[in-house]
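Observations on the three-dimensional arrangement
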Amino acid sequence: MTQRQSKYPLLPYSQLVYDSTRWMPRVYWFEMKWRWPNGASQEERLRQAVRSAIDNHPILRSRIDRHGMQRDSQLDDVLHGQYHDVRMWKSGNDVYGDAKWSRLLGDARSEQIVFEDFFRAYRGESLEPDDYWGYVVRYEQHKSEPHYVACREWLEHEFSDENVPVRPTIDRRWLTTILPMKPGLFVVDYSDLQLQIQSLAKNYYIPLDGIFASCVALAIAEYCGTDEAALTWAYEGREQPEEQRIVGSLHRDIPFHIRRSKIENQESVIREARNQIRSGIAHSDYPFTLTSPYSKRWNYAVNVLHMLNNEEIEKSIPFPVEILPASPQKYAYALLDVEIHEKAESFQLVYRYSATHYKPESIRRFAALVRKYIEWLIESE
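What follows deals with the overall build of the protein chain. Along the protein chain, the regular secondary structure elements total twelve helices and 13 strands. For 381 residues, the compact-globule formula gives about 21 Å, and the C-alpha radius of gyration of the protein chain, at 22 Å, lands near that figure. Expressed along its principal axes, the backbone C-alpha trace of the protein chain runs to roughly 65 × 50 × 40 Å. Intrachain contacts of the protein chain at a sequence separation of at least 6 include 78% that bridge at least 24 residues. Carbon and sulfur atoms provide 48% of the accessible area of the protein chain, an area that totals close to 18,100 Å². Across the protein chain, 48 positive and 55 negative side-chain charges occur, with their mean positions spaced 5 Å apart.

Within the secondary structure, His251 sits in the loop between strand S8 (228-235) and strand S9 (252-259). Given a relative accessible area of 13%, His251 falls into the buried group. Other than its neighbours up to four places away in sequence, His251 contacts Tyr13, Arg103, Asp107, Ala234, Tyr235 and Glu236.

The subject of this paragraph is the packing of aromatic side chains. Scanning the entire structure with this criterion turns up 20 aromatic pairs. Their ring planes at 45° and their centres at 5.5 Å tell us that Phe118 and Phe119 sit as a pair that is tilted. Taking relative accessible area as the criterion, Phe118 reaches 8% and is therefore assigned buried. Look at Phe119 and you get buried, because its relative accessible area is 5%. Taking 6.4 Å as the distance between ring centres and 50° as the angle between the ring planes, the aromatic pair formed by Phe159 and Phe288 counts as tilted. Taken as a pair, Phe159 in helix H6 (residues 146-159) and Phe288 in the loop between helix H9 (266-282) and helix H10 (295-298) lie far apart in primary sequence, 129 residues in all. Each member of the pair, Phe159 as well as Phe288, is classed as buried. An aromatic cluster of at least three residues, connected via ring pairs, comprises Trp154, Phe159, Phe288, Tyr294 and Trp298. Above the face of the Tyr122 ring, Arg45 is positioned so that its terminal group lies 3.8 Å from the ring centre. Positioned above the aromatic ring of Tyr373, the side-chain terminus of Lys372 is 4.7 Å from the ring centre.

With antiparallel pairing, the three strands of this open sheet are ordered in space as S1-S4-S3. Both edges of this open sheet fall to strand S1 (8-9) and strand S3 (63-64), since each of them pairs with a single strand only. Judged from the two bridges that link them, S1 and strand S4 (residues 69-71) form a sheet pairing that is antiparallel. The partner of Tyr8 across the bridge, within S4, is Gln70.

Next up on the list: the pairing of S8. Here S8 lies mainly inside the structure; six of its eight residues are buried. Of the pairings in the sheet, the one linking S8 to S9 comprises eight bridges and is antiparallel in character. In the strand pairing of S9, Tyr235 is matched with Arg252. Bridge count for S8 against strand S10 (residues 303-306) is two bridges, and the pairing is parallel. Paired with Trp233 across the bridge in S10 is Val304.

A separate point is H9. The end-to-end C-alpha distance of H9 is 24 Å, a good match for the 24 Å that 17 residues give at a rise of 1.5 Å each. Every buried residue belonging to H9 is among Gln266, Ser268, Val269, Ile270, Ala273, Gln276, Ile277, Ser279 and Gly280, and all of these are buried.

For the rest of this paragraph, the subject is the packing of helix H7 (residues 194-203) against helix H8 (residues 208-224). As a packed pair, H7 and H8 sit with axes 9 Å apart at the nearest point and diverge in direction by 110°. Taken together, the axes of H7 and H8 are roughly perpendicular relative to one another. H7 and H8 meet at a crossing whose hand is right-handed. Along its contact with H7, which presents Ile197, Leu200 and Ala201, the element H8 presents Leu208, Ile211 and Phe212.

Of all the ten residues making up helix H1 (residues 12-21), seven are buried; the element is thus mostly covered by neighbouring parts of the structure. Considered for burial, the residues of H1 that qualify are Tyr13, Ser14, Leu16, Val17, Tyr18, Ser20 and Thr21. Summarising the contacts, the buried residues of H1 are in contact with S3 and strand S6 (94-102).

What follows is about the sheet that holds S10. Taken in spatial order, the six strands line up as S7-S13-S12-S10-S8-S9 in an open sheet, and their pairing is mixed. Of all the strands in the sheet, the pair left with one neighbour each is strand S7 (183-189) and S9. Sheet twist, expressed as the average angle between the axes of neighbouring strands with direction ignored, equals 25°. Of the strand pairs in this sheet, S10 and strand S12 (residues 336-343) are connected by four bridges, and their pairing is parallel. Counted as the bridge partner of Asn303 is Asp337 from S12.

In total, this model carries 26 salt bridges according to the counting rule given. Among the salt bridges present, the one from Asp72 reaches Arg61, with a minimum N-O distance of 3.8 Å. Highlighted residues: Asp72 in the loop between S4 and strand S5 (84-91) and Arg61 in helix H3 (residues 58-61), separated in sequence by eleven residues. Summarising the burial analysis for this pair, Asp72 and Arg61 share the class buried.

Conventions and cut-offs
- Residues numbered from 1 in each chain as written.
- Predicted model: local features only at pLDDT ≥ 70, side-chain atom pairs only at ≥ 80, totals over all residues.
- Heavy atoms only, no water.
- Helix = DSSP H or I, 4+ residues; strand = E, 2+ residues; numbered from the N terminus.
- Rg over C-alpha atoms; globule rule 2.2 N^0.38 Å.
- Contact = heavy atoms within 4.5 Å.
- Areas by Shrake-Rupley, 256 points an atom, 1.4 Å probe, with all protein chains shown as cover.
- Lys, Arg positive; Asp, Glu negative; His and termini not counted.
- Charge placed at Lys NZ, Arg CZ, Asp CG, Glu CD.
- Buried < 20%, exposed > 50% of the residue type's maximum accessible area, 1.4 Å probe, protein only.
- Phe/Tyr/Trp six-rings, centres within 6.5 Å; stacked < 30°, edge-to-face > 60°.
- Lys NZ or Arg CZ within 6 Å of the ring centre and 35° of its normal.
- Pairing = 2+ DSSP bridges.
- Expected span 1.5 Å × (residues − 1).
- Axes fitted to C-alpha atoms, helices over the stretch in contact; angles between N-to-C directions.
- Parallel < 35°, antiparallel > 145°, perpendicular 65-115°, else oblique.
- Left-handed = near helix turned anticlockwise from the far one by under 90°.
- Salt bridge = Lys/Arg side-chain N within 4 Å of Asp/Glu carboxyl O.

Have a look at this one:
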């Protein structure tokens, strides 16, 4: 049987999205719209560049059956797939585009890879191959290896205690088992602390994910009146050279845990956060938070996300393009996502939450606790 004819299970996060879209079909769909001023004469070149970028990535051509099994496939038109749709048209001298895609197809880095390939194709450059199916085969084989089993055992030992809160106490308890229905958003500007936060990360060799995961976890514990708290954070993965150009859900959802009683000072928090980040990555081969029975609890844990900065990609666009307003992402991946938005001249923390579960004043109170711990932590600088 050739690889093209074979079927494989979805990667862990794609499986989560697939299961969710059965009863909330639009939660994990996103959209981007754009306009190329005076691009009518280049319409066919632009369209062909889009086709080349999509056709370079196997998951965008794949088919997923009703059992959630994926296989390689060929599309009649690569612009229109099972989980993506790209449309382009002329209006006067301008060319417009509208792209919709499902989060099932890949993580945030995947989106950047597709755009980079689009720009390369437009410039007539060759595109690096995407070994998605090879990655899937290796992942399935790895499940039977000792390291994978050891990761599972370590994670189960460290994070199976259901008495540890994984989110601030919700305001409407009877709705905990449904996905967010009413979106909420609260943005906090951290630009005044940007240099101090970045200096802390550099001087103590800790990523921003670790700094904010610590402060968010401490805020959860104080909000809930407990000594311990836990959450998840998103790790990009892609540690091997051959994984750098793969479009797919290669990122890892990693649990993070903290105890207030073990905190002596700011340095002890940083030391523990660094240890949690490193040990979490080291054992991340096993998708603990996405696997039953643990997913029932961890799907609703706070999720800390360091959002990718698209400024460099925007600078590399080889033609003038205007990004148009589109339907914004409405729903949090969990009941509460804490997004780190770091740019050259701005720094924000975005709280994307389920307003079905939390009142706005509760999120503001929680955000104030996070800010309190951030300010306390950077006092060590």
